[in-house]
Amino acid sequence: MAATSDQGFAVPVLPLSSGKPMPRVGLGTASFPHCEDGDQPHVRDAVLRGIDAGYRHFDTAAVYGTERAIGDAAAEAVRAGTLASRDELYITSKLWIADAHPGRVLPALRKTLRNLQMEYVDLYLVHFPVSMKPQEGGAGAILVKEDLVAMDMKGVWEEMEECHRQGLAKAIGVSNFACKKLEYLLSFAQIIPAVNQVEVHLYCRQNKLRAFCREKGIQLCAYSPLGGKGAPWANNSVMESPIIKQIAQDIGKTVAQVCIRWVYEQGDCVIPKSFNDKRMRENLDIFDWELTDDARHKISSLPEFRGTYDFFVHDSGPYKTAEEFWDDEIAAGHPAN
């Protein structure tokens, strides 16, 4: 399975420990603030344009509010003959923290599948290594810090494994798990996570986590490879970096292409998010060239910081500090260019 873009090149794929191979570049669909159910035509249109451009890997989550739009776009692309079937797509979704409890995982995935109008997802991820008390009536705020509770990781993962056994998720994995939390999960998992999706960009390179995942047979997948512009954790230092701008100018590429190519060269799958036609296509044009050794050296010397660092930290919750949540990997802060 390799999608051919309208520019004539195929998006490479990577085999995972379960399920079908994952396209190395996907299209992110998280918007902030998150979409309401009725506010999705722009997402559906963007996904359709993404399919036309050559994307086959689409990333969503229960909390994003974009599952229905992806399902609508997939159905429309099949009707139009752009896709032979839904099976040509690679769809990732994620379990939100309010449903990260034994007894709630399978129902949450079934709701995701109803939204997507699909019989299965290719990959289902535990969104964060923390849970939240379910809201009354299933509605309410997305995140209430005072309601954060420790996850019953063993109970939740057992239900994730059941999702896989029932064929509702062809592969299962995690997101935002650092090494110690992964190690704990692996101590009881019958099915190892196929993927760990985490923040990766030139100022958050994740070398320690990547090495750990590689050793354990877990594929690293990078979100916010451009620094997460527009997201609550965004820092524009990535796209505004004079060093990266100079590298891009020297090799005749865009800053975004340099960022995505670097992640690609690390062996990760990468999920940039842009709904702009020109940038969508540019973000796929990263396969037939390489960064120079000088560029790689400059990138390896950049300071590191983490954007998603304190959203699940609270005095009354299971994690009292950002360091505890992230297992002391990659400090919070903002780099000096």
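Residues numbered from 1 in each chain as written. Predicted model: local features only at pLDDT ≥ 70, side-chain atom pairs only at ≥ 80, totals over all residues. Heavy atoms only, no water.

(A) A look at the overall build of the protein chain. Of the regular secondary structure elements, the protein chain holds 12 helices and 12 strands. Looking at the protein chain residue by residue over its 337 residues, the buried ones come to 57%. Sequence separation of 24 or more characterises 72% of the internal contacts of the protein chain that already satisfy a separation of 6 or more. Surface exposure of the protein chain reaches about 13700 Å², of which carbon and sulfur atoms provide 49%. (Helix = DSSP H or I, 4+ residues; strand = E, 2+ residues; numbered from the N terminus. Buried < 20%, exposed > 50% of the residue type's maximum accessible area, 1.4 Å probe, protein only. Contact = heavy atoms within 4.5 Å. Areas by Shrake-Rupley, 256 points an atom, 1.4 Å probe, with all protein chains shown as cover.)

(B) Structural detail: the UniProt feature "site: Lowers pKa of active site Tyr" (unreviewed entry) in the protein chain. Per the UniProt annotation, the sites labelled "site: Lowers pKa of active site Tyr" (unreviewed entry) are Lys94. Topologically, Lys94 is positioned in strand S5 (residues 90–95). On the basis of relative accessible area, Lys94 is assigned to the buried category, the value being 1%. With near-sequence residues (within four places) excluded, Lys94 lies in contact with Asp59, Thr60, Ala61, Ala62, Tyr64, Tyr124, Leu125, His127 and Gln197. Separated by 2.8 Å, the side chain of Lys94 and the backbone oxygen of Thr60 make a polar contact. (UniProt positions renumbered as here; feature names shortened; annotations may be inferred. Polar contact = N/O pair within 3.5 Å; in protein donor to acceptor, adjacent residues only side chain to side chain.)

(C) Molecular detail of the sheet that holds strand S3 (residues 27–28). Spatial ordering of the open sheet is given by S3-S4-S5-S6-S9-S10-S11-S12, a layout of eight strands whose pairing is parallel. Of all strands in the sheet, those bounded by a partner on one side alone are S3 and strand S12 (269–271). With three bridges joining them, strand S6 (residues 123–126) and strand S9 (residues 172–175) adopt parallel strand pairing. Paired with Tyr124 across the bridge in S9 is Ile172. (Pairing = 2+ DSSP bridges.)

(D) Region of the structure containing the nonpolar core. Counting residues in each nonpolar core, the largest one holds 83 residues, and the members touching the most others are Phe58, Tyr124, Trp157, Met160 and Ile244. With eight residues, the single largest contributor to this core is helix H9 (residues 255–265). Beyond its immediate stretch of four places on either side in the chain, Tyr124 contacts Ser93, Lys94, Leu95, Val105, Ala108, Leu109, Met160, Ala169, Ala171, Ile172 and Gly173. (Core = buried A, V, L, I, M, F, W, Y, C linked by side-chain atoms within 4.5 Å.)

(E) Structural context of the packing of helix H1 (residues 41–53) against helix H2 (residues 67–80). Two elements in contact, H1 and H2, have axes separated by 8 Å at closest approach and are oriented at 45 degrees. Put simply, H1 runs oblique to H2. In this structure, the crossing between H1 and H2 has a hand that is right-handed. In this structure, H1 contributes Val43, Arg44, Val47, Leu48 and Ile51 to the contact, and H2 contributes Ala69, Ile70, Asp72, Ala73, Glu76 and Ala77. Partitioning the contact of H1 with H2 into residue classes produces eight nonpolar, no polar and three charged. (Axes fitted to C-alpha atoms, helices over the stretch in contact; angles between N-to-C directions. Parallel < 35°, antiparallel > 145°, perpendicular 65-115°, else oblique. Left-handed = near helix turned anticlockwise from the far one by under 90°. Nonpolar A, V, L, I, M, F, W, Y, C, P; charged D, E, K, R; others polar.)

(F) Structural view of the UniProt feature "binding site: substrate" (unreviewed entry) in the protein chain. As annotated by UniProt and renumbered to match this structure, "binding site: substrate" (unreviewed entry) occupies His127. Assessed through its relative accessible area of 5%, His127 is described here as buried.

(G) Main features of the state of the cysteines. Inspection of every chain in the model, using the stated rule, returns zero disulfides. Looking at the unpaired Cys179, the closest cysteine sulfur is the one in Cys213, lying at 6.7 Å. Cys179 sits in the buried class, given a relative accessible area of 7%. (Disulfide = S-S within 2.5 Å.)

(H) Up close: the pairing of S6. Covered by surrounding structure in S6 are Leu123 and Leu125 together with Tyr124 and Val126, the residues of both alternating faces. Summarising the sheet, S5 and S6 pair through four bridges and their orientation is parallel. Pairing of Leu95 across the sheet is with Val126, part of S6. Note that the unit made of S5, helix H3 (residues 105–116) and S6 has a crossover that is right-handed. (Right-handed = clockwise from strand over helix to strand, strands pointing away.)

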